[in-house]
Amino acid sequence: MISKPALYALCHAFIEQRISAARTAMQAAQESSSSETKSSAGDKYETGREMANAERDRNAAHMQQAQQLQAELARINPELPCATVRPGALVSTSLGRFYISISAGKLEGAEVFAVSPAAPVAVALKGLRAGEEAGFNGKTVRVLAVE
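Just so you know, the residues in each chain are numbered from 1, in the order the chain's sequence is written. With the structure being a predicted model, the display of local features is reserved for residues of pLDDT at least 70 and the display and counting of side-chain atom pairs for 80 or more, all residues being used for whole-chain, interface and lining totals. Derived side-chain values reflect all non-hydrogen atoms in the structure, with water molecules and hydrogen atoms excluded from consideration.

## Focus on the overall build of the chain
Next up, step 1: Helix and strand assignments come from DSSP, with helices taken as H or I runs of at least 4 residues and strands as E runs of at least 2, each series counted from the N terminus. Helices and strands together make up the secondary structure of the chain, namely 3 helices and 6 strands.
Next up, step 2: This radius of gyration counts C-alpha atoms alone. The globule rule is 2.2 Å times how many residues there are, raised to the power 0.38. Taking 147 residues into account, the globule formula puts the C-alpha radius of gyration at 15 Å, and the chain, at 21 Å, lies well above it.
Next up, step 3: Buried residues in the chain amount to 35% of all 147 residues.
Next up, step 4: Here the analysis covers contacts within the chain between residues at least 6 apart in sequence; of these, 54% occur between residues at least 24 apart.
Next up, step 5: All accessibility values rest on the Shrake-Rupley procedure with a 1.4 Å probe; residue burial counts only the protein chains present in the view. With the model as given, the accessible surface of the chain reaches about 8,500 Å², and the carbon-plus-sulfur share is 52%.
Next up, step 6: Just so you know, the count uses Lys and Arg for positive and Asp and Glu for negative, and it drops His and the chain ends. Note that the charge is assigned to NZ on lysines, CZ on arginines, CG on aspartates and CD on glutamates. Taken as two groups, the 16 positive and 15 negative side-chain charges of the chain have centres that lie 6 Å from each other. The classification of residues rests on relative accessible area computed with a 1.4 Å probe and restricted to protein chains. Under 20% of the type maximum is buried, over 50% is exposed, and intermediate values are partly exposed. Every residue pair with non-hydrogen atoms within 4.5 Å of one another is taken to be in contact.

## A short note on unusual backbone geometry
Next up, step 1: The backbone of Asn137 sits at a positive phi, close to 55°, despite the residue not being glycine.
Next up, step 2: With respect to the helices and strands, Asn137 occurs in the loop between β5 (133-136) and β6 (139-146).
Next up, step 3: Looking at Asn137, the relative accessible area reads 65%, which means it is exposed.

## Side note on the side chain of Asn59
Next up, step 1: For Asn59, the location among the structural elements is in helix α2 (residues 44-74).
Next up, step 2: According to the relative accessible area criterion, Asn59 is buried, its value standing at 9%.
Next up, step 3: Those residues in contact with Asn59, other than ones at most four positions away along the chain, are Ala22, Ala25 and Met26.

## Focus: the nonpolar core
Next up, step 1: We define the nonpolar core as a collection of buried residues of types Ala, Val, Leu, Ile, Met, Phe, Trp, Tyr and Cys that are connected through side-chain atoms lying within 4.5 Å of one another. With 18 residues, the main nonpolar core has Leu7, Cys11, Tyr99, Ile102 and Leu107 as its most contacted residues.
Next up, step 2: Elements that contribute at least two residues to this core include exactly α1 (4-35) and α2.
Next up, step 3: If one sorts the elements of this core by residue count, α1 sits on top with 5 residues.
Next up, step 4: If we ignore the near neighbours within four places in the chain, the residues touching Ile102 are Cys11, Phe14, Ile15, Leu69, Glu72, Leu73, Ala114, Val115 and Ser116.

## A word on the environment of Gly48
Next up, step 1: Mapped onto the elements, Gly48 comes out in helix α2.
Next up, step 2: Classification of Gly48 as buried rests on a relative accessible area of 17%.

Below you can see the structure in the form of structure tokens.
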């Protein structure tokens, strides 16, 4: 069984990877924009520069989203035990295991899905304790354990 601090570290690594990828893509787009030279094709220069700027802006938005995830994750203390389903809880259910933290999907090397507290499954389970049930997607989901 993987611990909550280990899951927290995996979420942190997920965010760092996203930030790094966005930063690298922004730099590449900036270099592309800077290296565009005027050509005899007229508007080709301006079009290429605008495309590079749009790509840089898109990657800046990705970076901002990753930084928001980082802020959400920072509000969680992985050392605190949880009796109910809430942010920071590791929840074992009849559907699988969920770490209520950030939206990162299935965590690398773990049979656990990192989901945002706003995710439909987290909303359905919010406040429940081990042994309780909730309806989700037309199914009954049983909470087996909350850590």
